[in-house]
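This is what each chain is made of:
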Amino acid sequence: MNNKLVSIRKNKDSKAKKDFNWSHILAEIVRWFVLVVFLIPTADVWGMPQIVTVLNTFFLYIPNVFVAAIIAVVGFVFARLGHDLVLASIHGVSPDTAQSAASVTRWAVTVFVLLAVLNQLGVASDLVRILFTGFVAMIALAGGIAFGLGGQGTARDILESLRNKLG
C-alpha cells in the first residue's frame with residue numbers, strides 16, 4: 001500500500017513538472033489564440049458587437065505586451081551588466097563603496113526600464129512621463145548643488161587660472 005502511495009506521488013510530481021515546460025506553455029497560448037480567433041466571428045454572427053469590440057481591442061493590445069516583455073528582459077540584462085561593469089571597473093575604493101555604486105547603477109537602470117515598460121503598456125502614460133522628467137530633474141539638481149557646494153574651491157581655482165591666462 002505504501003509503495004502504491006509513493007508511486008502516485010511520483011506520477012503527480014512528474015505531471016506537475018511536465019506542465020511547466022516551454023512546449024506546453026506555447027501550446028496553451030496557441031490554443032487560447034485559436035479559441036479567441038474563432039470567438040470573434042461567432043460573437044459577430046450572434047449579434048454581440050460589444051464582445052467583438054472587446055476582443056479586437058484585446059488583440060490590438062497583445063503586441064504592446066510582447067514589446068514590453070522584451071524591453072523588460074533586455075533592460076534587466078543591461079541593469080545586471082551595468083552593475084557588473086561598475087563593480088569591476090571601480091578600483092581604489094573600498095569594496096563597500098564599489099558595491100554601493102554598482103547597486104545604484106543597477107537600480108537606476110531598473111527604474112528607467114520599469115518606466116519604459118509602463119509607458120509601452122500605456123499605463124498612466126502622462127504620469128510616467130512626469131515621473132521620468134522629475135527623476136531626471138532631480139538628478140540634475142542634485143549634481144548641480146553637489147558641484148556648487150563641493151566644488152567651489154575648484155571652480156574658483158579654474159576661473160583664477162583662466163583670468164591669469166587672459167589678463
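Here we come to the nonpolar core. Judged by nonpolar contacts, Val36, Ile40, Ala43, Val52, Leu55 and Phe59 together constitute the single largest core of six residues. At the level of secondary structure, the elements contributing two or more residues to this core comprise helix H2 (22–45) and helix H3 (49–89). Apart from the residues lying within four places of it in its own chain, the contact partners of phenylalanine 59 are Phe33, Val36, Val37 and Ile40.

Two descriptors summarise a pair of aromatic rings, namely the distance from one centre to the other and the angle between the planes of the rings. In the structure shown here, the tally under the stated rule is four aromatic pairs. Relative to phenylalanine 59, the ring of phenylalanine 33 has its centre 5.4 Å away and its plane inclined at 80°; by these criteria the two rings are edge-to-face. Of this pair, phenylalanine 33 sits in helix H2 while phenylalanine 59 sits in helix H3, and the two are 26 residues apart along the sequence. Residue classification places phenylalanine 33 among the partly exposed residues on the basis of a relative accessible area of 45%.

So, on to the pattern of salt bridges. The final tally for this structure, using the stated rule, is three salt bridges. As a salt-bridge pair, arginine 31 and glutamate 28 come within 3.1 Å of each other at their nearest N and O atoms. Taken together, the residues arginine 31 and glutamate 28, both in helix H2 and three residues apart, mark about one turn of the helix. Residue arginine 31 is classed as partly exposed on the basis of its relative accessible area of 47%. Given the relative accessible area of 29%, glutamate 28 is considered partly exposed.

This part covers the packing of helix H4 (residues 95–121) against helix H5 (residues 125–150). The geometry of H4 relative to H5 is characterised by a closest axis approach of 9 Å and an angle of 155° between their N-to-C directions. Classified by the angle their axes make, H4 and H5 are roughly antiparallel. In this structure, the crossing between H4 and H5 has a hand that is left-handed. Facing H4, whose interface residues are Phe112, Leu115, Leu118 and Asn119, H5 presents Ser125, Val128, Arg129, Leu131, Phe132, Phe135 and Val136. Class assignment of the residues belonging to the contact of H4 with H5 gives a composition of eight nonpolar, two polar and one charged.

Confidence in the prediction of the chain, expressed as mean pLDDT, is 82, and 88% of residues score 70 or more. Ranking the helices and strands of the chain by mean pLDDT puts H3 first, with 90, and helix H1 (residues 2–19) last, with 56.

Reading the values: the criteria
The residue numbers shown here count from 1 along each chain, following its written sequence. Local features are withheld for residues below a pLDDT of 70 in this predicted model, meaning they are given only at 70 or higher, and side-chain atom pairs are given and counted only at 80 or more; totals for whole chains, interfaces and linings count all residues. Note that the side-chain values use all heavy atoms of the structure and ignore hydrogens as well as water. Side-chain atoms within 4.5 Å are what join buried Ala, Val, Leu, Ile, Met, Phe, Trp, Tyr and Cys residues into a set we call a nonpolar core. Summary of the burial criterion: residues with accessible area below 20% of their type's maximum are buried, those above 50% are exposed, and those between are partly exposed, where the area comes from a 1.4 Å probe applied to protein chains only. Here a strand is any run of E in DSSP of at least two residues, a helix any run of H or I of at least four, and the numbering for each starts at the N terminus. Residue contacts are defined here by distance: any two heavy atoms, one from each residue, within 4.5 Å place the two residues in contact. When the centres of two rings from Phe, Tyr and Trp lie within 6.5 Å, Trp using its six-membered ring, the rings pair. Their planes under 30 degrees apart give stacked, over 60 give edge-to-face, and anything left gives tilted. What counts as a salt bridge is simple: a side-chain nitrogen of Lys or Arg found within 4 Å of a carboxyl oxygen of Asp or Glu. Under this scheme, a helix contributes an axis fitted over its contacting stretch, all axes are lines through C-alpha atoms, and angles between N-to-C directions fall in the 0 to 180 degree range. Should an angle fall under 35 degrees it is taken as roughly parallel, and over 145 as roughly antiparallel, whereas 65 to 115 is taken as roughly perpendicular and any remaining angle as oblique. A clockwise turn of the near helix away from the far one marks a right-handed crossing, whereas an anticlockwise turn of less than a right angle marks a left-handed crossing. Note that Gly is not counted as nonpolar here; it falls among the polar residues with everything else outside the nonpolar set of Ala, Val, Leu, Ile, Met, Phe, Trp, Tyr, Cys and Pro and the charged set of Asp, Glu, Lys and Arg. The quantity known as pLDDT measures the predictor's confidence residue by residue, on a range of 0 to 100.

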